[in-house]
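Letter by letter, the chains look like this.
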Amino acid sequence: MSRRVRRRTAQSRDKEKVAVSPPYAEAPDHCEIPRPGGCCFGGGGGAAGVDWTALPDDTVVQIFSRLNYRDRASLASTCRSWRLLGSSPSLWTSLDLRAHRCDPDIAAVLAGRCAHLRRLRFHGSASASALIYLQARGLREMAGDCCCEITDASLSVLAARHEALESLQIGPDPCMRITSDAVRHIAMCCTRLRRLRLSGIREVHGEAINALAKHCPQLAELAFLDCGLIDEGALGKVVPLRFLSVAGSRNLKWSTASLSWSSLPSLVAVDVSRTDVSASAVLRLLSASKTLKVLCALNCAVFEEEWSYNSTACRKTKGKLLLAQFSNVCSGVASFFKGYGYVVREQSIFAEWRSLLSEDKNLSDIMNWLEWILSHSLLRAAESNPNGMDGFWLRQGAALLLSLVKSFQEDVQERAATGLAIFVVTDDENATVEPARAEAVMQNGGIPLLLELARSSQEGVQSEAAKAIANLSVNSKVAKAVADEGGIHILANLARSSNRVVAEEAAGGLWNLSVGEEHKAAIADAGGVKALVNLIFKWTSGVDGVLERAAGALANLAADDKCSVEIAMAGGVRALVTLARTCKVEGVQEQAARALANLAAHGDSNSNNAAVGQEEGALEALVQLTFSQNEGVRQEAAGALWNLSFDDRNREAIALAGGVEALVALAHACANASQGLQERAAGALWGLSVSEANSIAIGREGGVAPLIALARTDAEDVHETAAGALWNLAFNSGNALRIIEEGGVPALVHLCSSSGSKMARFMAALALAYMFDGSCVHRMDEVALVGSSLEGSSKSVNFDGARRMALKHIEAFVLTFSDPQVFSVAASSSAPAALAQVADTARIQEAGHLRCSAAEIGRYIAMLRNPSSVLRACAAFALLQFTIPGGRHAAHHASLLQKAGAARVLRATAAATTAPVEAKICARIGWESSDFLPSHVHILNNKTQMGLVLIRHLCYRSTDAGLSSLRLDSFRDEEKTPA
């Protein structure tokens, strides 16, 4: 697969199979904040002659403040002076642990620096249990995500150890193990609480809410999001409440809620988005509450339906801001501001309000809350992707998310960037990005904005911006805009990040951008190849997301000749082979195998094919992957073996590694598989069958029957590879008899007469010719005499009937390329132009890429003496295709004809009175080719000859005398299936 998109957030993490994961995935054990040391490792490290230790302390502290925690700890370990400066309280007022493993040991090491810690963000339930070891008694704000497993006990202990908390936020993932008991403990322990936001609690009883009203006199904001049951009446007793959100919560009694909440004396704003609130309840709240200014009801199906029948009721909301899917949010906010004497532009309302409201705290609080709930609601809508949202996203949703990206609130920025990454994806399994939505982001200036966000010093913001850029880049127009704005350099830099989440998202962006041929060289020039290879070496296990993205990007890049060389030089062959050998994650295996297949696809231009085969364990690993339970893995492994079999040493080594048995088993098993798997399985057998020993082994292992079955499929690409493999096998008399016994003649006859692929028809005809040209007659006569078939088989053989059927369709095939008028002119004239016209009429473009061995050319020469006029015509037609001017290997084949002394046979065929006219004309061209007569030179130079057309299936000469030497061209793919 050429690309990946990411949609769902943390709640689907445990079921993740492809690149769809939470904003902050669980960090592996080895991803941690380094423990600061106390020893000095020498001098300064920057430009020569700079004494870094002479910098003023304030300057050093400023440098520290711009670094992430890992780099800060590393820098602080250089000397005692900087260690002291690195512990400055001003550097440790805020701590974001989301991208790091935080266990009790790490927390204890950090404890000495957390005395002045005021703001903390963490990730996961395990980290929550370790936070008490930070001993940050003065902590004011705490926010945790991906805490699905957090319990009442853990949350209660956190509250008890941090009594000075003013803001506590756990979500947006559901906290299904939290009950009202934890809420009550929070209320009793954190009496200074001003803001409480909890998500996914099953029940919030009145007792817990009453405790909040009793013990938290400063509680101004309360959010119970996506909860199962809330005592809406008790909420009316939280007197200091100014901002309330019950978005996504269920089972609310709206008549009670509207009556109770409207009596709150300080209530300013309410969020009821994604609930079943009714229009009457909304109107009652807006009209009954004297203080309520803002009500948000986004994505409320019942309310929107009822409102559509009573839109005149909106007059009752005059002076108040009602935000719904049918309303214009920016216009409504601008009108709301106008009511307070502020004039702002609708398009830039969220970017300009801070400068206007610098002295108006009440309105500033409203706008901060509004940004938070809008980012949350839009993200949830993007995740669920409900029907009927297209118009909303195109009219204002995309612009709203881009406006929120500019927020001063870091978590709002992150959610807005995540929303941009998600809302464009309509089918995450198939990497489907809605073009109109992606282009809406681009047209609203989203690309420069996201790239600027990716340069942020905050790693959480970096990762979400990179994720958005990656998903949007699935669209080719957006990908071009990203590249034009310098996005490739930015992503390449982020791929070098020591933060695994950031590097993972950046690798995903490079993966999607690398689909475009025009971007491959730019990625290499930006250092992207080296960065991607280093990611594989750096994150060796337990982090399948980053490995799959890195391998996928390298697979796309490897399809380019120059990039494939750079991958090899950067150590990419070893990295990818290591993944194929050791990684057990199917997505990673698939991309590693695809990358190796594409690396091996440049046999004519570089040595990567041989290099992959020579890497220790590479061929054995690919052979083993053909037994995978995952079809994609089997397909890419077979494709890699197909390409690798072009090298003589690789071909024999694959056989020694069990490749013949594995690929025959794969061919047997893929009767009902995808076209791609069938094509690669047959192709790999075609490649291996170039060797005489392998050809015999394939026949003995039972490879004939599945190839015949594949020849009967409806896919032209499969026709070609199956026919090519059978052609090679038919050179051997034992295999030829097996093909007849297994019913191969009717299958080849069907290909010869009905396939939409000229190449498949051509190779099927040649396979039939091999089977009945007399070379196998003696063995078949022996079988007929003893009344049994090959190696004890009980199948009977009607040799004469099969031969008649084969010759009939071989003749019909050759005649399809015969224009009687053109051949008549050529027969009566020896003019080069006449012969050139015959060549043009009879030419099969793709056949010019087939390269035959001396033994095979010899077989066609011998066939020219065959008593059968049909076989003589077939042999002459084949030699025409192989020597036709303009063919890739025409000179090679002409040389083989010369060495074989074919001129006399060709002249005799051309002069024979009993030979078919097709055989005579084709023989004349062949003899001229073999002798390099002046007319042949003229034909070679004739401008009417068709140009060389690159095709998928090329042929190379075999070193094994006496066997068909056909081999397939390197298979290079940008996509496992069309993405």
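Residues numbered from 1 in each chain as written. Predicted model: local features only at pLDDT ≥ 70, side-chain atom pairs only at ≥ 80, totals over all residues. Heavy atoms only, no water.

- The name recorded for the protein in an unreviewed UniProt entry is Armadillo/beta-catenin-like repeat, from Musa troglodytarum.

### A closer look at the overall build of the protein
Part 1 of the argument: Broken down by element type, the protein carries 51 helices and 14 strands.
Part 2 of the argument: The buried share among the 979 residues of the protein stands at 61%.
Part 3 of the argument: Residue pairs at least 24 apart in sequence account for 71% of intrachain contacts in the protein once pairs closer than 6 positions are excluded.
Part 4 of the argument: When the accessible surface of the protein is summed, it comes to about 36800 Å², and 50% of that surface belongs to carbon and sulfur atoms. (Helix = DSSP H or I, 4+ residues; strand = E, 2+ residues; numbered from the N terminus. Buried < 20%, exposed > 50% of the residue type's maximum accessible area, 1.4 Å probe, protein only. Contact = heavy atoms within 4.5 Å. Areas by Shrake-Rupley, 256 points an atom, 1.4 Å probe, with all protein chains shown as cover.)

### Structural notes on the packing of helix α37 (residues 704-711) against helix α38 (residues 716-730)
Part 1 of the argument: In the contact formed by α37 and α38, the axes pass within 8 Å of each other and the chain directions differ by 145 degrees. In the crossing of α37 with α38, the sense of the turn from one axis to the other is left-handed. From α37, V704, L707, I708, L710 and A711 reach across to α38, where they touch V718, H719, A722, A725, L726 and L729.
Part 2 of the argument: Tallied by class, residues from the contact of α37 with α38 come to 10 nonpolar, 1 polar and no charged. (Axes fitted to C-alpha atoms, helices over the stretch in contact; angles between N-to-C directions. Left-handed = near helix turned anticlockwise from the far one by under 90°. Nonpolar A, V, L, I, M, F, W, Y, C, P; charged D, E, K, R; others polar.)

### Section: helix α35 (residues 675-688)
Part 1 of the argument: The end-to-end C-alpha distance of α35, which contains 14 residues, comes to 20 Å, matching closely the 20 Å that a straight helix rising 1.5 Å per residue would cover.
Part 2 of the argument: Of all 14 residues in α35, 13 are buried; the element is thus mostly enclosed. (Expected span 1.5 Å × (residues − 1).)

### Considerations on the nonpolar core
Part 1 of the argument: Among the nonpolar cores identified, the biggest contains 224 residues, and L370, L374, F762, M771 and F882 are the most heavily contacted of them.
Part 2 of the argument: Considering every element that reaches this core, the biggest residue donor is helix α15 (residues 361-384), with 12 residues.
Part 3 of the argument: Not counting the four nearest positions on each side in its chain, F762 is found in contact with F813, I844, A847, L850, F877, A878, Q881 and F882.
Part 4 of the argument: In terms of nonpolar packing, the next biggest core, distinct from the first, is built from 87 residues, V61, Y69, C114 and L322 among them. (Core = buried A, V, L, I, M, F, W, Y, C linked by side-chain atoms within 4.5 Å.)

### Some details on the sheet that holds strand β3 (residues 141-145)
Part 1 of the argument: Taken together, 10 strands build an open sheet; the order of strands is β1-β2-β3-β4-β5-β7-β9-β10-β11-β12 and the sheet is parallel. Two strands lie at the open edges of the sheet, namely β1 (94-96) and β12 (321-324), each paired on one side alone. Averaged over neighbouring strand pairs, the angle between their axes works out to 5 degrees when direction is ignored. (Pairing = 2+ DSSP bridges.)

### Concerning the environment of M759
Part 1 of the argument: Mapped onto the elements, M759 comes out in helix α41 (residues 758-771).
Part 2 of the argument: Relative accessible area serves as the criterion here: at 1%, M759 is assigned to the buried category.
Part 3 of the argument: Each C-alpha atom of the pair M759 and E846 lies 6.6 Å from the other, and the pair is 87 residues apart in sequence.

### Considerations on the packing of α15 against helix α16 (residues 390-405)
Part 1 of the argument: At a minimum axis separation of 11 Å, α15 and α16 run at an interaxial angle of 130 degrees. Viewed along their axes, α15 and α16 adopt a mutual orientation that is oblique. At the point where α15 passes α16, the crossing takes the left-handed sense. Together, E371, L374, S375, L378, A381 and A382 of α15 and F392, W393, L400, L401 and L404 of α16 make up the contact between the two elements.
Part 2 of the argument: When the residues that make up the contact of α15 with α16 are grouped by side-chain class, the tally is 9 nonpolar, 1 polar and 1 charged. (Parallel < 35°, antiparallel > 145°, perpendicular 65-115°, else oblique.)

### Here's the deal with the environment of L95
Part 1 of the argument: Summarising the element assignment, L95 is placed in strand β1.
Part 2 of the argument: A relative accessible area of 1% places L95 in the buried class.
Part 3 of the argument: For the pair L95 and L117, spaced 22 residues apart in sequence, the C-alpha to C-alpha distance is 7.4 Å.
Part 4 of the argument: In this view, L95 contacts Y69, L110, C114, L117, R119, L120 and R121; residues no more than four positions away in its chain are not counted.

### Here we look at the packing of aromatic side chains
What describes a pair of aromatic rings is the distance from one ring centre to the other and the angle between the planes of the rings.
Part 1 of the argument: Within the structure shown, the criterion is met by 21 aromatic pairs.
Part 2 of the argument: Ring centres 6.2 Å apart and planes at 65 degrees place the aromatic pair F337 and Y342 in the edge-to-face group.
Part 3 of the argument: Its relative accessible area of 21% is what places Y342 among the partly exposed residues.
Part 4 of the argument: Plain terms: the ring middles of F762 and F877 are 6.0 Å apart, the flat faces sit at 75 degrees to each other, and that makes the pair edge-to-face. (Phe/Tyr/Trp six-rings, centres within 6.5 Å; stacked < 30°, edge-to-face > 60°.)

### A closer look at the pairing of strand β11 (residues 294-297)
Part 1 of the argument: Alternating residues of β11 divide into V294 and C296 and L295 and A297, and every residue in both groups is buried.
Part 2 of the argument: Pairing geometry for strand β10 (residues 269-271) and β11, over 3 bridges, is parallel. Of the residues in β11, the one forming a bridge with A269 is V294.
Part 3 of the argument: With respect to chirality, the unit in which β10 leads through helix α11 (residues 279-288) into the neighbouring parallel β11 is right-handed.
Part 4 of the argument: Sheet topology note: the β11/β12 ladder contains 4 bridges and is parallel. Bridging across to β12, C296 finds its partner in L323. (Right-handed = clockwise from strand over helix to strand, strands pointing away.)

### Concerning the state of the cysteines
Part 1 of the argument: The full count for this structure, using the stated rule, is 0 disulfides.
Part 2 of the argument: C114 takes part in no disulfide bond, and the closest cysteine sulfur, belonging to C102, lies 8.9 Å away.
Part 3 of the argument: Overall, C114 belongs to the buried group, its relative accessible area being 0%. (Disulfide = S-S within 2.5 Å.)

### Describing unusual backbone geometry
Part 1 of the argument: Between G171 and the following residue, P172, the backbone shows a cis peptide bond with an omega angle of 10 degrees.
Part 2 of the argument: Unusually for a residue other than glycine, N251 sits at a positive phi of about 60 degrees.
Part 3 of the argument: With respect to the helices, strands and loops of the structure, N251 is situated in the loop between β9 (243-245) and α10 (254-261).
Part 4 of the argument: N251 gets classed as exposed once you look at its relative accessible area, which sits at 53%.

### A few points about the pattern of salt bridges
Between side chains of opposite charge, a pair can form as their charged atoms come close.
Part 1 of the argument: Within this structure, the stated rule accounts for 30 salt bridges.
Part 2 of the argument: E414 is the salt-bridge partner of R98, the closest N and O atoms lying 2.7 Å from each other. In this pair, R98 is assigned in the loop between β1 and α4 (104-110) and E414 in helix α17 (residues 410-423), connecting sequence segments 316 residues apart.
Part 3 of the argument: Two residues, E414 and R121, come together in a salt bridge whose shortest N-O distance is 3.5 Å. Taken together, the residues E414 in helix α17 and R121 in strand β2 (residues 119-123) connect sequence positions 293 residues apart. The same class applies to E414 as to R121, namely buried.
Part 4 of the argument: Via salt bridges that share partners, D96, R98, R121, E410 and E414 belong to a single interconnected network. (Salt bridge = Lys/Arg side-chain N within 4 Å of Asp/Glu carboxyl O.)

### Concerning the confidence of the model for the protein
Part 1 of the argument: Per-residue pLDDT for the protein averages 83, and the proportion of residues at 70 or more is 82%.
Part 2 of the argument: Taken as a whole, residues 929-979 scores under 50 in pLDDT and shows 182 contacts with residues more than four places along the chain or in a different chain. (pLDDT = per-residue confidence, 0-100.)

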